[in-house]
Structure formats: structure tokens, C-alpha cells
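Observations on the three-dimensional arrangement
Each chain, written out:
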2 protein chains.
Amino acid sequence: MTTLEDCRALDAQDPLRPLREQFTIPEGVLYLDGNSLGVLPKAAPARIAEVVAKEWGDGLIRSWNTASWFDLPQRLGDKVARLIGAAPGEVVCTDSTSVNLYKVLFAALSQQKDSGRKLVVSERSNFPTDLYIAESLCRERGFTLKLIDAGELQGPDSVLTDEVAVLMLTHVNYRTGAMHDMKAITAAAHAAGALTVWDLAHSAGAVPVALNESDADYAIGCGYKYLNGGPGAPAFVWVHTRHAGKFEQPLSGWWGHAAPFEFTPHYRPAPGVGRYLCGTQPVIALAGLECGLDTVLAAEVFNGTNGAMAALRTKSLALTDLFIALVEERCAGHGLALVTPREHARRGSQVCLSRDEGAYAIVQALIARGVIGDYRAGDSQMPDILRFGFTPLYLGFEDVWNAVEHLVQVLETGEWRRAEFNRKNAVT
Amino acid sequence: MTTLEDCRALDAQDPLRPLREQFTIPEGVLYLDGNSLGVLPKAAPARIAEVVAKEWGDGLIRSWNTASWFDLPQRLGDKVARLIGAAPGEVVCTDSTSVNLYKVLFAALSQQKDSGRKLVVSERSNFPTDLYIAESLCRERGFTLKLIDAGELQGPDSVLTDEVAVLMLTHVNYRTGAMHDMKAITAAAHAAGALTVWDLAHSAGAVPVALNESDADYAIGCGYKYLNGGPGAPAFVWVHTRHAGKFEQPLSGWWGHAAPFEFTPHYRPAPGVGRYLCGTQPVIALAGLECGLDTVLAAEVFNGTNGAMAALRTKSLALTDLFIALVEERCAGHGLALVTPREHARRGSQVCLSRDEGAYAIVQALIARGVIGDYRAGDSQMPDILRFGFTPLYLGFEDVWNAVEHLVQVLETGEWRRAEFNRKNAVT
């Protein structure tokens, strides 16, 4: 049996432990929801205040030059690139994840429009908003969205046929934490003549991603989850250099123009990923995102440039392994089931549990104790889920022990049943 | 001749004078560029710091409920509505102006797709990014973008024929400051069977706008110019209630879903303008925008709810009238020409001057003196322009005097010629 002392010993030996000093975490909170909204970097309040008072307040319009606002999307993009296996100049930070997905899926469909291929394949369990964007683009552009289960991507009956134009997948599933083999799946898609679009919302800052090594085509991701960029921080978008200079950008705004300050009457797209910029970006929000990116890049101190995620991954797997082991040791007999894959190669940086009843109330009871995870409702294929994100930047092994200790108490005292009773019988 | 004392007397009598106390304006700066980026509201640094430290840092994911993040786009939209002649529930603040233009033009073209009408009409002198967005959407959806001069909208040879699907105009021209008669032009467009899309980037917070009274169809606008929302602040979008519940939104993300937290597999658009939301919005940037909106709404104290712009308009016209008069009295013989219409009904809240040579250098010389306006390069139809924005919220009559005094000195001393010489002969 693992003990609290074992966990403390692991923390004492953990070389990444000092990284948590980069964050302000509220007193009494054990935060297992960094997969939904990352915590506040200590540097962010001062940096944001500086942008507000000096760049906006004092600099005013002059800050386009003096504070290099125009370079922000690329400068931050270069930082993201170091976390996702991309090269400088291949990524920009801009707009929201959904808007960026629209851009890249539009571009991929444009490339395939004369191929006779009419299918966009995605997973039934993909993040709903990705499916909404695909649904609307497919209808508009004469494609059909085909939803499948992950198992159907492989083997002799694979859905990856010569009818498939684009394979659009989320690398790490938002609900189960299951991770795809990006390289193998991309190779299979390419062998079938399809292009790949990867959503890295639960990957960037959470697991190593190797976009160029995987030979992926397009990718987008989120700035406010594992990248700690702040609520609604701008997202990012990447495109493989073989498509750069050719892909179509439907949202053809001034910031993506080849000569943005010339105000020419016709649109001439910037070379490369720069054309994925559209309108004026939220400068203050970009400043928050940069502080978040720097917290993750701080792990490069252990592993060199581009090496942050490899260093973080080792700890992430140790944390999730420990959580799984402790739940199995200490919560047996309480009806919990493990949803997230045990196999390291298939696991993101979260662990999800399911239960026939009470998942919502258990999460609420944990939140009342300051242990913040979240709940995702089930559907015809998946039970209700308790979701716990493990961010190696600011979580330690004793934190994992404490989380399980609270879970044990919630289950054994039955306090979640009181929460459930109150919810069901609320006087409204 | 108008004197400095006359200007001081006007300030002393100005009931709106206290409104400037809402802003932090840098020492030594006379800011005539609020049409490009509004100044910093005094309330913004503290409010933004609160959102960062409390809502993000302490509240974390709980702030979706405790800080009502989900309501922000609508809550701010209701504030914008009071400035543009719209009703509560008709406006949301979200994304960038360009992205919002894409949404509304897409929606309008969808409504016209079976009408047989194939033209989108806009002005040759419209803001280039609006034309870029239209260019790309027209190509994609089988329409033709026809660029015209404003005069071609009226009379027996009007371009508004039964071939026109959509008339897309910017209400106040970014370069000349000329304002369209929204009501008359909308009526003419409707009589021809066309829908109207209005860009209010240089109108919202600058001039009274009456969207519902004008019977307009779609409108979008900018948050960081006259609304003082901060660099890259989210933009806004409005749709007439007759289209609400019917219009198509191509960027079909989770925040515009009818039941955004149910994570259903298919997109079901929210009723009304709410469907124009897409992905997660920058919460910190929205907080800055709200501070900016409040500075404009403060003018309601003189005129009641929805009355802010009427109060501000009187002063705005007095400021631009004074600037024109002083330039004519004091800069005669220096080759300046007036570009902005003299007629009040056709003038926005800026005054533009042109000159055969030196416009860029004169603007630079003024900026070196702390008088910040901007320069817009000419083209085949329009000379180079010196652009001066007059924001009645924080500019007074003595400011106008001082601006012209600096302009006189720059012209009379010829210091702009030195700037021009240095620019042309720069050692690079």
C-alpha cells in the first residue's frame, strides 16, 4: 500500500517541484481542473497591469510600434511551437479555438474540393463544438460528416478509404483523457489520401506533441487550459510548411494581409501561417497568454529548448499513475470505474472515473471541500464522468494523496448523498 | 477671429466637461486619435486587476458561475445597444470586427441565395479589411463584389437594382469622416430588395446611430475606438429582430448553442443574436471593454437612458466646427484642403485635411510635439490625409485651439520639412 509518507518522499525528490512557485493558487484549494482553466501565473497581474497602464494608457496608438503589438501573435506562436513539435514561424496565437478550427477545416476542404472525396471523418466522442463547426462547414461546402469510434480507424475495415477528404481528431479526448497515436494515424490518413486536422486543446502543455515529426497537416489548440493563459485566452493555429503559402483563409482580414499597413483595396494573403490572422487581436489577453506560456517553457531548464514537455510528461505520468493506484487501493467497493487508459502511450494528463450514480453529486461534494475537478454528463455510449486534470507544473504527489483522501471520505461518509438529496429536492 | 479666450469660455460653459475626469491621459499628450484607439478609462486598471486576481486567480473555473462569465457578451451587448439605437437582447460583444463582418455577411448572403441576386455592393473607399472579407465570401459563395462611389447610390441611375443582394457600407468613412444617411440608404436598398450590412466602427460612441429606426438588417462595430475598450477589445454584432431566430451563423461554436452546457452532438443555434457567439471569449478583454462602455454611457446623466450619444453629438459637432473654423482662419495659404464634409448630417466625429505634399511629415512633426493624430496614404482617388479624431468625452475647446496652434507652428516654421528631409535621406 502507498502511504502519505511515500508521496511526501516523491515530492522531496521531484526536480520539477520549484516550478509550482510560479503560480498563485488559492488557499484551501486543490485544483484538478487545469484541463479546463489553468491557474494564475504570479507574473500575470503585474505584466497585464503594465500593458494596461503603460502600453495602452501611456503609449496609446504609438504602442503598435513601441510595444511591438503587431508581432505578438507570431512571437507567442513561436513559444507555443516549442511545446508542440513545430518550428519558429509556423504558429500564430489568435482568435478562439473554434474560429481557428473553422479556418483550418475550411483550408483542408478547399484543398480537397476537386478530389472527389466527400467525407470528413471524426470521432463520435469528439468535443461537441468541433463537431458543430464541422457540421456547418460540411453542409455549406458539400461534404458529409461521418462520425466513428476510434477503433474504426485501424484494421482491414478501416473507415479511412479513398472517400475521405479530411480526418479531424482531437488528440486527447476531453472526456476520457484517451490519447491518439498522432504519427500512426496521420500516416494511415495520408496513405488513404486524406488530410489531417488535429485539435490540441487537451494536449498543448499537457503531453509532448510532435506535429512535424508526425507529418500532420493542420492543428489548432487552446490557450487557457494547460497553457495557463487566462479565461478565454487567444488560441493558436499551426499549418505544415508544405501547405504554407497555398492554403485558403476564409476570414481574410487586415492582419493576415501581406502588406497590412498599405490598405490596398484587394486581399493578398501573407506568406505562411501569418495569413491565419484576421482582425485586431486582444492585446491585453495576449499578454496574459504569454505569461502562461512562460510558465510551461520554464521546464526547458531541465531539458533544453523544445524539451519542456518531455520533462513535464515524466511527472505527469507519475501523478496519474499514482492517482489510479491510490483510487484502486483506497476506493475499492465504492462503484468507481476507470475510464482513462492505463497504457501510458494512450493517456493524456487527466484521469476520469465513472460511476453508475452520483457522479455529479460526488464532484460537488469534492468542490465543497476545495478539491476542484469537474463533471461531464454521460450519453448513450459513455457513463457520467468525474474528471480530474493533473498539471505537473503545479501539482505534487502529496496533492494526489490528499485528493484521493477527500474522495475516500466523500464516498465513505456518504456526504455526496446529502448533496444529491438537496439537489433533487430543492425548493424552487 | 476666434481667440484662445473664446475657447476657454466654451470649456467653462461645457456641461460635459466633467466627463474627461473618467480618463487617464498621458502628460503632454493632446490625443486626436480616439478614432483609432480610445484612451484608458481610470476605472480599467483596477477592474482588470480584479478580474485577473479574483475571478481568474481565486475563483478559477468557479467564476463561470460566481462571476457570471457566461453572461458577459450579452450584458455588454445591452450596454452597446443603448449607444446604437438597438434594444436589449439584440447585441452581443464578441470576436473581432472582421470576424463579425464575416458572420453577418454570410448570413445576409444565405438569405439571398435563392433570390437570383448576385451582387454585393460596397464603396470603393470602404475600409479595406471589409472589402477583403467581402471579396473572399463573394468568391466562395458565387456572388460578385461591385465597388461604387457614394453618389451612385442615389438618383435614377442608382446601382441599387434588382441584381443587388446585399448593400454593405461603413456608416462613417474611416478616411474622410463622411457619414451616410443610414435611414434613407437602408430604405432605398430595401425598396430594391437588398439587405443592408452596416459597419459602425467609426460610429459607435462617435455619432448617434438608430439601427431599429433605420430598419437596418445587420450591423457590426469595434470596441477599441470611440468605445475606449482597450487595444484589440472585442467587437460587437447586431441583427434586426425580424431575422433573429432564422439567420445562419457559419461559426457554429459552443457558446452560440441553444444549450451550451449540455454538450449535445448536434448544433442547435441559440435564439436571436446569441447564436453569433462561437468559442470562449477573452474574459479579461471584455472587462476592459465594459469599463470603456461605461465611460460613454456616463453621458446618459445629461439625457437619460439611450440618450448618451445625443448629448455627446452636440459637443462633437461644436469641436469639429471649431477645428475647421480655426484651420481656415489660421492656416490659410499653407496648402491644406478640407476633406471632411461641412454639413453636420454628413460628418462623423473626425476632421480630415489633405495636402499635396508633406502630409506624412506634418503628422510626424505634430506627434513629436505630443499632438497625436494620424496619417492615411492617398490613392488614385484620394490625396494623402491628415486625420484628427475629436472625442467629446475627453477633449475640450482649448484642446482644439492648442491642436491648431501646433499645426500653425509646424507649417510656419517648416519643421515638417526637416522631418521629411530626414525621412527621405535616412541612412539605412
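An unreviewed UniProt entry annotates chain A as Kynureninase originating from Variovorax paradoxus. You can read under Function (unreviewed entry) in the UniProt record for chain A the words "Catalyzes the cleavage of L-kynurenine (L-Kyn) and L-3-hydroxykynurenine (L-3OHKyn) into anthranilic acid (AA) and 3-hydroxyanthranilic acid (3-OHAA), respectively." Turning to chain A, the UniProt annotation filed under Sequence similarities (unreviewed entry) states: "Belongs to the kynureninase family."

1. Some thoughts on the overall build of chain A
Looking only at helices and strands, chain A has 13 helices and 15 strands in total. On the principal axes, the C-alpha backbone points of chain A span a range of 70 × 60 × 50 Å. Looking at the 428 residues of chain A, the share that counts as buried comes to 63%. Residue pairs at least 24 apart in sequence account for 73% of intrachain contacts in chain A once pairs closer than 6 positions are excluded. Accessible area for chain A stands at about 14900 Å²; split by element, carbon and sulfur atoms hold 52% of it.

2. Things to note about the pairing of strand β4 (residues 91-94) of chain B
Residues and elements named next belong to chain B. With burial as the criterion, each face of β4 is covered, one bearing Val91 and Cys93 and the other bearing Val92 and Thr94. As judged from the four bridges shared by β4 and strand β10 (residues 235-239), these two strands associate in the antiparallel manner. The partner of Val92 across the bridge, within β10, is Val237.

3. Considerations on the sheet that holds strand β6 (residues 144-148) of chain B
All names here are of chain B. Ordered by their spatial adjacency, seven strands build an open sheet running β4-β10-β9-β8-β7-β5-β6, and the pairing between neighbours is mixed. The open sheet terminates on both sides in strands that have one partner only, identified here as β4 and β6. For this sheet the average axis-to-axis angle between neighbouring strands, irrespective of direction, equals 20 degrees. Bridge analysis of strand β5 (residues 119-123) against β6 gives five bridges, and the strand direction is parallel. Along β6, the bridge assignment pairs Val121 with Lys146. Those strands touched by helix α4 (residues 72-81) are β4 and β10, and its axis lies near 120 degrees from that of β4.

4. Focus on the UniProt feature "domain: Aminotransferase class V" (unreviewed entry) in chain A
When the UniProt feature table is mapped to this numbering, "domain: Aminotransferase class V" (unreviewed entry) covers residues 78-296 of chain A. With 28% helix and 16% strand, residues 78-296 of chain A has end C-alpha atoms that lie 13 Å from one another.

5. Quick notes on the domain arrangement of chain A
All names here are of chain A. Considered domain by domain, chain A is made up of domain 1 (4-31 + 311-424) and domain 2 (46-299). Measuring from the centre of the C-alpha atoms in domain 1 to the corresponding centre in domain 2 gives 30 Å. Contacts between the two partners involve 31 residues from domain 1 and, on the opposite side, 21 residues from domain 2. For the pair domain 1 and domain 2, the summed buried surface comes to about 1900 Å²; carbon and sulfur atoms form 57% of the total.

6. Here's the deal with helix α4 (residues 72-81) of chain A
All names here are of chain A. Burial analysis of α4 places seven of its 10 residues in the buried class, which makes it a mostly covered element. When we look at burial in α4, the residues that qualify are Leu72, Pro73, Leu76, Gly77, Lys79, Val80 and Ala81. Those residues of α4 that are buried are in contact with β4 (91-94), β10 (235-239) and α9 (283-297).

7. Notes on the side chain of Ser122 of chain B
Residues and elements named next belong to chain B. Turning to its location among the elements, Ser122 is positioned in strand β5. Owing to a relative accessible area of 0%, Ser122 belongs among the buried residues under this scheme. Beyond its immediate chain neighbours, meaning those up to four positions away, Ser122 contacts Leu131, Leu145, Lys146, Leu147, Ile148 and Met168.

8. Quick look at the pattern of salt bridges
Per the counting criterion, the structure on display carries 52 salt bridges over all chains. Its salt-bridge partner being Glu398 of chain A, residue Arg8 of chain A comes within 3.2 Å of it at the nearest N-O pair. Placement of Arg8 of chain A in helix α1 (residues 4-13) and of Glu398 of chain A in helix α12 (residues 397-413) is noted, with a sequence separation of 390 residues between them. We classify Glu398 of chain A as partly exposed; its relative accessible area is 24%. Ionic pairing is found between Lys79 of chain B and Glu290 of chain B, a salt bridge with its closest N-O pair at 2.9 Å. Of this pair, Lys79 of chain B sits in helix α4 while Glu290 of chain B sits in helix α9 (residues 283-297), placing them 211 residues apart in sequence. Glu290 of chain B sits in the buried class, given a relative accessible area of 9%.

9. A closer look at the interface of chain A and chain B
On the side of chain B, 69 residues touch chain A, which itself brings 69 residues to the contact. Between chain A and chain B lies a buried interface of about 5700 Å² when both sides are counted; carbon and sulfur atoms form 69% of it. Per-residue buried area on chain A facing chain B is highest for Trp56, Tyr132 and Phe263 of chain A; these three make up 14% of the total on that side. Here chain A is connected to chain B by two salt bridges. Among the ionic pairs, Glu140 of chain A bridges to Arg141 of chain B, the shortest N-O distance being 2.3 Å. The set of elements that each furnish at least two residues to the side of chain A that touches chain B consists of β3 (40-41), α2 (43-59), α5 (97-111), α6 (128-141) and α9 of chain A. In terms of residue count, the dominant contributor to the side of chain A that touches chain B is α6 of chain A (nine residues). Broken down by class, the residue content of the side of chain A that touches chain B amounts to 39 nonpolar, 21 polar and nine charged.

10. Observations regarding the sheet that holds β4 of chain A
Residues and elements named next belong to chain A. An order of β4-β10-β9-β8-β7-β5-β6 is seen for the seven strands of this open sheet, with the pairing classed as mixed. Strands with a single pairing partner mark the edges of an open sheet, and in this sheet they are β4 and β6 (144-148). Neighbour to neighbour, the strand axes of the sheet diverge by 20 degrees on average, direction disregarded. Those strands touched by α6 are β5 (119-123), β6, β7 (164-170) and β8 (195-199), and its axis lies near 150 degrees from that of β6.

Cut-offs used in this document
Residues numbered from 1 in each chain as written. Chains lettered and ligands numbered in written order. Predicted model: local features only at pLDDT ≥ 70, side-chain atom pairs only at ≥ 80, totals over all residues. Heavy atoms only, no water. UniProt positions renumbered as here; feature names shortened; annotations may be inferred. Helix = DSSP H or I, 4+ residues; strand = E, 2+ residues; numbered from the N terminus. Buried < 20%, exposed > 50% of the residue type's maximum accessible area, 1.4 Å probe, protein only. Contact = heavy atoms within 4.5 Å. Areas by Shrake-Rupley, 256 points an atom, 1.4 Å probe, with all protein chains shown as cover. Pairing = 2+ DSSP bridges. Axes fitted to C-alpha atoms, helices over the stretch in contact; angles between N-to-C directions. Domains from an automatic or database assignment. Buried area = accessible area lost by both parts, 1.4 Å probe. Salt bridge = Lys/Arg side-chain N within 4 Å of Asp/Glu carboxyl O. Nonpolar A, V, L, I, M, F, W, Y, C, P; charged D, E, K, R; others polar.

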